[in-house]
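The primary structure of each chain is shown beneath.
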Amino acid sequence: MSKQPGRVIRLWQGVGPHLLPFASATSERLPMSRLLRLSLFQISCGMAAILLVGTLNRVMIVELKVPAWLVASMVALPLVFAPLRALIGFRSDNYKSVLGWKRVPYLWLGTTIQFGGLAMMPFALLVLSGDTWADPWAGQLAAAIAFLMTGAGMHMVQTVGLALATDLSPRDQQPNVVAMLSAMQLFGMVLAGLIFGALLADFSQLRLIQVVQGAAALTLILNFVAAWQQEARDPTRTAKTDAEEPGFLESFRMLRRTGPWNRRLLGAGLGTAGFAMQDVLLEPYGGQILGLSVGGTTALSACLAAAAVCGFLRAARRLSQGTDAHMVAAHGGLFGIAGFSLIVLAAPFETTLIFAMGVALIGFGAGLFGHATLTACMAAAPPEQTGLALGVWGAVQATAAGCAMAFGGGLRDGISALAESGALGDGYTGPATGYIGVYLIEIALLFVTLAVVGPLVRRQRQVAARPVTGTGLAGPAPV
């Protein structure tokens, strides 16, 4: 008699595809083991992101007593490099190398830059805090260089890594692969947030140096393993030719002529700004207003990322069922509005429960919105311009997030100064006034996003009768 499989094996065999939303991202050329190894570069990007917009900004504002406007400006410095994501994606598509690689040189250049920024960052922050003999401008300059290098390297690694993943996967699986890798970045943020929170529970300057420089070393290891033997060398493919190819601007004009890209990108930018303006203020709000520790506020950042993963998975499920991507994005905006409303209520009620619920709703809404807008751009792009569309979406999203974070920090300081001077009335003199003012503006931005995205939903319904080729997580046909 043949032995029957165990209960656990039978349960696993009975798991349906609806419970494995990224199972369709694999293919014969890119099996799950290779795809998971490639996704390690997203883990390193998520680790850097949680450091920049979570742990370090809280440490600088609360522990190192750096002004919030200066912290927001430092965190937003990668904005200078963000618009170049589209150009990086385009150049890596057409890179001519005697080694036969298109993506790997850019991937390693970005990794080196990101490592350098993280390696010098903790020392730059200590100088910035004034706890040295150096002049203030030295700390500001060093911190600016560290943040700029880290953000520039992260943007380059992420853009080229996603483009490499699309090269390795069949055309009909490319949106699914990109969706899975984006979810892996959120997973990296959750994991890094929990680890950094535990390591910095007992804060000290030495511990800060150890954690950040450890993250720098881990970045090199993860990206090396991720890129190992992923891109085959093919000198004939990348040899110089006399054929004239369209430049970046001409290619972008060609992409815009394929559909309502102005409205699509405007909606993505506004929504991203609406969700991202609080990134630099979330942990300081928990520490200054609700009295949470460094570990507690960092754990809330991990909760935000975990909720975003749930939103990403929910969006994948909805899109695989044929739901319009712009409709899913609108639902994400509604969840964000509810989450910010709860965070506003957390201050007068002085409860961390309402605050945590608001954080979870914001993360869930951001996951829905980010996945839906990415899928909409990927699905609407012509086959030969998928990489450019990915870069344009990334440039708009990163630029909007950077501007929103910088504006949010300055706005918080300005409103707080007005409140402390009594210009807003006797009832608004508390330290929470500046934070709440920013959250109310974010609610307004998300309402404007709904108004921009609405016509795209109606347009999709008008062309719903067209034949649609299912692509798993990719969503409906291009509009």
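Please read all numbers here as calculations on a predicted model, not as lab measurements.

## Re the pattern of salt bridges
Where side chains of opposite charge bring their charged atoms close, a pairing between them can arise.
Link 1 in the chain: Evaluated as defined, the whole model comprises two salt bridges.
Link 2 in the chain: With a closest N to O distance of 3.6 Å, R253 and E250 form a salt bridge. Linking R253 with E250, this pair stays in helix α11 (residues 248-256), spanning three residues, or about one helical turn.
Link 3 in the chain: A relative accessible area of 34% means that E250 is categorised as partly exposed.
Link 4 in the chain: Across the salt bridge formed by E250 and R257, the nearest N and O atoms sit 3.7 Å from each other.
Link 5 in the chain: Through salt bridges that share partners, E250, R253 and R257 make up one connected network.

## A closer look at the nonpolar core
Link 1 in the chain: Of all hydrophobic cores here, the largest spans 81 residues; its most connected members are M121, L125, F147, F196 and W261.
Link 2 in the chain: Residues in contact with F147, not counting those within four places in the same chain, are L52, M60, M74, V75, P78, M121 and L125.
Link 3 in the chain: Counting 41 residues, the second largest nonpolar core, distinct from the first, contains L300, V344, F369 and A432.

## Notes on the packing of aromatic side chains
Link 1 in the chain: The final tally for this structure, using the stated rule, is five aromatic pairs.
Link 2 in the chain: Taken together, the ring pairs connect W108, F224 and W228 into an aromatic cluster.
Link 3 in the chain: When the ring centre of W261 is taken as origin, the NZ or CZ atom of R264, which lies over that ring, is 4.9 Å away.

## What about the environment of A227?
Link 1 in the chain: In this structure, A227 sits in helix α9 (residues 205-227).
Link 2 in the chain: Classification of A227 by relative accessible area gives buried; the value is 10%.
Link 3 in the chain: For A227, the contacting residues outside a window of four places in its chain are L107 and W108.

About the criteria used
- Chains are numbered independently. Their residues run from 1 in the order of the written sequence.
- Local features in a predicted model are, by the rule used here, given only for residues with pLDDT of at least 70; side-chain atom pairs are given and counted only at 80 or more, and totals for whole chains, interfaces and linings are based on all residues.
- To get the side-chain values, take all heavy atoms of the structure and skip hydrogens and water.
- When a carboxyl oxygen of Asp or Glu is within 4 Å of a side-chain nitrogen of Lys or Arg, the pair counts as a salt bridge.
- Counting from the N terminus, the helices are the DSSP runs of H or I reaching at least four residues and the strands are the DSSP runs of E reaching at least two.
- Residue exposure (1.4 Å probe, protein chains only): buried if accessible area is under 20% of the type maximum, exposed if over 50%, otherwise partly exposed.
- Only buried Ala, Val, Leu, Ile, Met, Phe, Trp, Tyr and Cys residues count toward a nonpolar core, and they belong to the same one when joined by side-chain atoms within 4.5 Å.
- Residue contacts are counted whenever heavy atoms from the two residues lie within 4.5 Å of one another.
- When the centres of two rings from Phe, Tyr and Trp lie within 6.5 Å, Trp using its six-membered ring, the rings pair. Their planes under 30 degrees apart give stacked, over 60 give edge-to-face, and anything left gives tilted.
- Ring-over charges, as used throughout, are those where CZ of Arg or NZ of Lys falls within 6 Å of the ring centre and within 35 degrees of the ring normal.

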